[in-house]
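Chain and residue survey
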Amino acid sequence: MQLSILIHAANIGFMVMFSAVVAPTVFKVLSQKAAGAYLRKLFPRMFMFGFITSSCAGLAALFDSHSPNAIISALVALGFLGNAFILTPQINKYRDALLAGNTAAKAMFGWLHLISVAVFLFQLLASGYIVMMAYLSS
């Protein structure tokens with residue numbers, strides 16, 4: 001079970017790093033247009049990285065016969081897939097419509113972005129739960 005826990009600890013690290021350092025810095029350093037183009041390339045890669053690491057954590061938990069961690073890891077992995085292939089393309093679509101002058105797209109963009117952030121937060125908390133439970137049980 002140790003490998004699963006270590007992977008989730010690493011997930012926490014990359015997720016906090018992205019949220020606290022990368023995203024805010026991108027918007028401070030790059031123009032709005034350049035930041036948008038950069039993040040459109042970065043988000044899918046980050047989500048796929050999270051999917052791979054969470055899937056590996058799930059497999060490691062399965063091999064250790066620890067099904068609660070495997071289930072949580074699978075949910076985290078599915079969240080990354082949902083963000084990568086469902087939410088992000090729709091967020092981009094509504095953002096493009098908003099930039100093209102469609103003010104009606106603003107509400108849908110806001111909701112989809114909020115859902116994406118909520119999924120990301122759930123994943124962060126789920127990984128934190130796994131790490132904390134391991135710490136408390138040791």
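Summary of the structure given here. (Residues numbered from 1 in each chain as written. Predicted model: local features only at pLDDT ≥ 70, side-chain atom pairs only at ≥ 80, totals over all residues. Heavy atoms only, no water.)

Further remarks concern the layout of surface pockets. Taken as a whole, the largest pocket spans an internal volume of roughly 670 Å³. If you trace the largest pocket, you find 25 residues lining it, with Phe 27, Leu 39, Phe 43, Ile 91 and His 113 closest to the centre. The set of elements that each furnish at least two residues to the lining of the largest pocket consists of helix H1 (2–29), helix H2 (32–63), helix H3 (67–99) and helix H4 (105–137). By residue class, the composition of the lining of the largest pocket is 13 nonpolar, eight polar and four charged. (1 Å grid on protein atoms, 1.4 Å probe; cavity = no way out; pocket = protein on both sides within 12 Å on 5 of 7 lines; lining within 4 Å. Points joined across faces, edges and corners; volume = space filled by probe spheres on them. Helix = DSSP H or I, 4+ residues; strand = E, 2+ residues; numbered from the N terminus. Nonpolar A, V, L, I, M, F, W, Y, C, P; charged D, E, K, R; others polar.)

Let us now look at a nonpolar patch on the surface. A surface patch of nonpolar side chains, about 580 Å² in accessible area, is lined by Tyr 129, Met 132, Met 133, Tyr 135 and Leu 136. One can find Tyr 135 in helix H4. Tyr 135 gets classed as exposed once you look at its relative accessible area, which sits at 59%. (Patch = residues over 30% accessible without salt bridge, like charges linked within 9 Å, V, L, I, M, F, W, Y side chains within 5 Å. Areas by Shrake-Rupley, 256 points an atom, 1.4 Å probe, with all protein chains shown as cover. Salt bridge = Lys/Arg side-chain N within 4 Å of Asp/Glu carboxyl O. Buried < 20%, exposed > 50% of the residue type's maximum accessible area, 1.4 Å probe, protein only.)

Once that is clear, we can look at the packing of aromatic side chains. This model, assessed by the stated rule, comprises five aromatic pairs. Considering the side-chain rings of Phe 14 and Phe 49, the 5.1 Å spacing of their centres and the 80° angle between planes classify their relative orientation as edge-to-face. Of the two residues, Phe 14 sits in helix H1 while Phe 49 sits in helix H2, which places them 35 residues apart along the sequence. According to the relative accessible area criterion, Phe 14 is buried, its value standing at 16%. With 6.4 Å between their ring centres and 45° between their planes, Phe 47 and Phe 80 make a pair best called tilted. Highlighted residues: Phe 47 in helix H2 and Phe 80 in helix H3, separated in sequence by 33 residues. When its relative accessible area of 2% is taken as the criterion, Phe 47 is described as buried. When its relative accessible area of 0% is taken as the criterion, Phe 80 is described as buried. Chaining the aromatic ring pairs together yields one cluster made of Phe 14, Phe 18, Phe 43, Phe 47, Phe 49 and Phe 80. Here the guanidinium or amino end of Arg 95 rests over the ring plane of Phe 109, the centre of that ring lying 5.7 Å away. (Phe/Tyr/Trp six-rings, centres within 6.5 Å; stacked < 30°, edge-to-face > 60°. Lys NZ or Arg CZ within 6 Å of the ring centre and 35° of its normal.)

Following the criterion strictly, the structure yields one salt bridge and no others. For Asp 96, the salt bridge goes to Arg 40, with nearest N and O atoms at 2.6 Å. Here Asp 96 is found in helix H3, whereas its partner Arg 40 is found in helix H2, with 56 residues between them in sequence. According to the relative accessible area criterion, Arg 40 is partly exposed, its value standing at 31%.

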